[in-house]
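Results of the structural survey
Residue-level listing of the chains:
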Amino acid sequence: MLTTQSTTVNPLLTSPQRIRRHDDDMAALRTLQEMPPPLEDPSIQQQQQQHNTTTSDDSQEEHDDDDDDDDDDVDTAFRQMMNRGSYLRQLRLIALEDERERQAAATHNQVIHGNNSRVNYDDDVDCEEKKEEYDESLPSFFSCNDVTSLHDVVAQEKMMEDKVRILPTTNEKVLDYNSYLAHQRYYDDLKHIDIKYMDFGNIANASGDVDGGRLIVEQRKSLGKGGFCWDAGFILGEHVIAHEEEWNTAVVGDGDDNAAATSSASPPRIVELGAGTGLTGLMIAKATESDVVITDLPELEGLMEDNVRRNFGGERRLEDDDVVGDSDASSSMTSSTAARDRSAAGGTVSSRVLRWGVEEDYLGAPYDVIVGADIVTSLYDPQALARALHALSGPGTRIYISGKARLDRPHEEFDAEMERLFERVERIWEPSSRLRSPDVFIIVAGGKRL
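As a starting point, this report considers the structure included with it. Every chain begins its residue count from 1, and numbering advances along the sequence as written. Local features in this predicted model are restricted to residues whose pLDDT is 70 or higher, and side-chain atom pairs enter the listing and the counts only when it is 80 or higher, whereas totals over whole chains, interfaces and linings include all residues. Computation of side-chain values covers all heavy atoms of the structure but excludes hydrogens and water.

**Re the overall build of the chain**
Spelled out, the test is: Counting from the N terminus, the helices are the DSSP runs of H or I reaching at least four residues and the strands are the DSSP runs of E reaching at least two. Residue contacts follow a heavy-atom distance rule, with two residues in contact if any of their heavy atoms lie within 4.5 Å. Only the protein chains shown count as cover for residues, with accessible areas throughout obtained via the Shrake-Rupley method and a probe of 1.4 Å.
Helix and strand content of the chain: 14 helices and 11 strands. Sequence separation of at least 24 residues holds for 68% of the intrachain contacts in the chain that already meet a minimum separation of 6. Total accessible area on the chain is roughly 23400 Å²; 47% of this is exposed by carbon and sulfur atoms.

Here it is, written out as structure tokens:
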């Protein structure tokens, strides 16, 4: 890899791999500018011809010395030409990698948004004007097409960034989550820990309709792991929503797996364990006709209550005026608009404390559906979790637990206990979700053993 001194890096290049490629690119361009022209250049050939003519009448000894010098010059020029070819090949590889990323992003945007994200330019824009947009001067051999391609790269980078706005009254950050879904350039667990509010937009149901209304979830860094929205939570929410017909069929009257249902007219009763922010349960309640309760430890009760109130409650809070409103403070939604947005939700949701292994917290059992996102970790007893799932289940209960492969031992213990307690335990490695975070899987279980 080429090395270079510290370079001012475009803040859009957020990933370490992208930063390294950017520095390599700039180093290669500077080196190409500093190198003398290759041997094939006509001016060099003319100089060599003149040199050979003026030295043809010299003595044999001088002629031999000149031949040695010529050999050295040719060897030096040859090495320079080979180095030039190496740099050009490296630039080509970088360009190909960028092109693959641009094509993937364009295809993804077309699928999600139903349009083409190609950047169009005014045909009258002069090539030299485009060059002036960049801090680094470009080599003379760059054609206008090359500059336009570089212009496309920069434009695409701007399209592939997280859209974060700052609330004017509190200076807190609000992330447009759909902007992240459009590029998904990184999947690390801590990518959004400095975001206060996650704006997930309108949550679609299994048919793709977005009648459920907008979902905005608060994060609280002070609460630790439970105070954040995790990839596994969003993926689980979309997967359960996408398969609503599957679990709704189970609870409204088809086969022996329906003993948990009390009435075909009643909405499914769903409980989320280890909800934290409540993301998964709130998504399900927005998009489906269900009765959802999100649960966690006492220290997370306040955060769950606030997120329920913000998205489903009738009470209007001061921060909602900023968070629910548009980016322009002057165009914030009115209270009546926000009320309509809340009432559009397909289901209902509440929150309360539920501690695994504390039987007095198991109110409302058995549930029709149990969900839990990223709750199989080294922080908690995986066997206690499996036993809590068993206690909260009925014969027809369906269980959906998402996780991200980090530690093998807790998952092995959890899987073994689940197979002992339930007749069916299946692991799905390709969940139904727009978020393509690697190593996220979903465990689907059912058939409680008595």
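**Describing helix H10 (residues 301-312)**
As a reminder of what qualifies: How far a helix is expected to stretch is found by multiplying one less than its residue total by 1.5 Å. Residue burial is assigned from relative accessible area. The probe radius is 1.4 Å, only protein chains are included, and a residue is buried under 20% of its type maximum, exposed over 50%, and partly exposed in between.
In this model H10 runs 16 Å from its N-terminal to its C-terminal C-alpha over 12 residues, within 8% of the 16 Å that 1.5 Å per residue would give. Taken as a whole, H10 has its buried residues at Leu303, Met304, Asp306, Asn307, Val308, Arg310, Asn311 and Phe312.

**Section: the pairing of strand E8 (residues 367-373)**
Test applied: Pairing between strands is defined by DSSP: at least two bridges between them are needed. By convention a crossover is right-handed if, when the strands point away from the viewer, the path from the first strand over the helix to the second runs clockwise.
Of all seven residues that make up E8, seven are buried, and the element is covered over most of its length. Note: strand E5 (residues 269-273) against E8, four bridges, orientation parallel. In the sheet register, Leu273 faces E8, and the bridge partner there is Gly372. The sheet contact formed by E8 and strand E9 (residues 393-404) spans six bridges and is parallel. When the bridges of E9 are listed, Gly372 appears paired with Ile401. Taking the sense of rotation as the criterion, the β-α-β connection linking E8, helix H13 (residues 382-392) and E9 turns out right-handed.

**Notes on the side chain of His183**
Stated formally: Polar contacts, as used here, are pairs of N or O atoms within 3.5 Å; protein pairs need one atom able to donate a hydrogen and one able to accept it. Residues neighboring in sequence count only if both atoms are side-chain atoms.
Its place among the elements puts His183 in helix H6 (residues 177-183). Of the polar contacts made by the side chain of His183, one reaches the side chain of Asp162; its length is 2.8 Å.

**Focus on the nonpolar core**
The condition is simple: Among buried residues, the Ala, Val, Leu, Ile, Met, Phe, Trp, Tyr and Cys ones that are joined through side-chain atoms within 4.5 Å form a nonpolar core.
Of all hydrophobic cores here, the largest spans 43 residues; its most connected members are Tyr177, Phe200 and Tyr400. If near-sequence neighbours (up to four positions away) are discounted, Tyr400 is found in contact with Leu236, His239, Val240, Glu246, Trp247, Val369, Ile370, Val371, Gly372, Ile442, Ile443 and Val444. Among the nonpolar cores identified, the runner-up in size contains 23 residues, and Ile370, Leu389, Leu421 and Phe422 belong to it.

**Focus on the packing of aromatic side chains**
The test is simple: Classification of ring pairs uses Phe, Tyr and Trp, with its six-membered ring standing for Trp, and accepts pairs whose centres are within 6.5 Å; under 30 degrees between planes counts as stacked, over 60 as edge-to-face, and the remaining range as tilted. Only lysine NZ and arginine CZ atoms are considered, and such an atom sits over a ring when it is within 6 Å of the ring centre and within 35 degrees of the ring normal.
Inspection of the entire model under this criterion finds eight aromatic pairs. When the centroid spacing of 5.8 Å and the interplanar angle of 40° are considered together, the rings of Tyr180 and Tyr186 count as tilted. On the basis of relative accessible area, Tyr180 is assigned to the buried category, the value being 0%. What makes Tyr186 buried here is its relative accessible area of 17%. The rings of Tyr177, Tyr180, Tyr186, Phe200 and Phe234 are connected pair by pair, giving a single aromatic cluster. The residue whose ring lies beneath Arg427 is Phe441, and the NZ or CZ to ring-centre distance is 4.1 Å.

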